[in-house]
Amino acid sequence: MCLAFVVISLHAQVGNKARFDRQEFITKHNAFITAEVGLTGSEAVEFIPLENQMKEKLFETGNECRKLNREVRSRKSISNETYLKLIDCNLETRLKELQIEKEYYEKFKKILSPEKLYKYQQAEFKFMREFMGNQGDQRRPPRDNGEAPARKK
């Protein structure tokens, strides 16, 4: 989940001339989650700020690795030691992110039913797919008939 935020942030900052508006992204995300999960007004008042707090912690957790990634991309020659440092940093960040998510899911359980927690997880994936799809529209050619391409067997 957080990795998607990182990818989106980096893509928007590096790949597009238009600056990524993080607040707009958060607003769209919150509205999407509220609608998809079917949060009541009281649930949304409790859940959304807590979820935003979790997202902020997840984002902050990856700062060190994002800096190291930028540094590595700007170099022409990279040592094995640096590669290992980056790999270790990425793994440690993912572990920290999982710990944060687990901590917040315990809090979420006090606000939302198990069904709505499940819907929240599904809505997160759906939002990221749709958002990334919109971000990538300029690079991908449109499909002729709107159908998914056939899978290789």
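Here the structure is a predicted model, which is why all the values come from computation and not from measurement.

Visitor: Where do I start with the pattern of salt bridges in this structure?
Guide: For side chains of opposite charge, pairing can occur when their charged atoms come near one another. Throughout the structure, instances matching the rule amount to eleven salt bridges. A salt bridge links Glu-24 to Lys-28; the nearest nitrogen and oxygen atoms lie 3.0 Å apart. Placement of the pair is Glu-24 and Lys-28 together in helix H2 (residues 22-37), with a separation of four residues, close to one helical turn. Owing to a relative accessible area of 39%, Glu-24 belongs among the partly exposed residues under this scheme. Two residues, Glu-115 and Lys-119, come together in a salt bridge whose shortest N-O distance is 3.4 Å. Within this pair, Glu-115 and its partner Lys-119 are both found in helix H6 (residues 114-136), separated by four residues, close to a single helical turn. In this structure Glu-115 comes out as exposed when scored by relative accessible area, which is 52%. Because the salt bridges share partners, they merge into one network encompassing Glu-51, Lys-55 and Glu-124.

Visitor: How do you make sense of the state of the cysteines when you look at a structure like this?
Guide: Linking two cysteines covalently via their sulfur atoms produces the bond known as a disulfide. According to the stated counting rule, one finds one disulfide in the structure shown. The disulfide partner of Cys-65 is Cys-89, and the gap between their sulfur atoms is 2.0 Å. On the sign convention where negative means left-handed, the S-S torsion of about -125° between Cys-65 and Cys-89 marks this disulfide as left-handed. Residue Cys-65 is found in helix H4 (residues 63-74), and its partner Cys-89 is found in helix H5 (residues 80-108); the two are separated by 24 residues along the sequence. Considered together, Cys-65 and Cys-89 belong to a single accessibility category, that of buried residues.

Visitor: Which parts of the structure should I look at to understand the environment of Gly-38?
Guide: Secondary-structure assignment places Gly-38 in the loop between H2 and helix H3 (41-61). Sequence separation between Gly-38 and Lys-116 is 78 residues, and the spatial gap between their C-alpha atoms is 7.7 Å. Sequence-distant contacts of Gly-38, defined by excluding residues within four places in its chain, comprise Ile-33, Glu-43 and Lys-116.

The rules we used
- Residues numbered from 1 in each chain as written.
- Predicted model: local features only at pLDDT ≥ 70, side-chain atom pairs only at ≥ 80, totals over all residues.
- Heavy atoms only, no water.
- Salt bridge = Lys/Arg side-chain N within 4 Å of Asp/Glu carboxyl O.
- Helix = DSSP H or I, 4+ residues; strand = E, 2+ residues; numbered from the N terminus.
- Buried < 20%, exposed > 50% of the residue type's maximum accessible area, 1.4 Å probe, protein only.
- Disulfide = S-S within 2.5 Å.
- Contact = heavy atoms within 4.5 Å.

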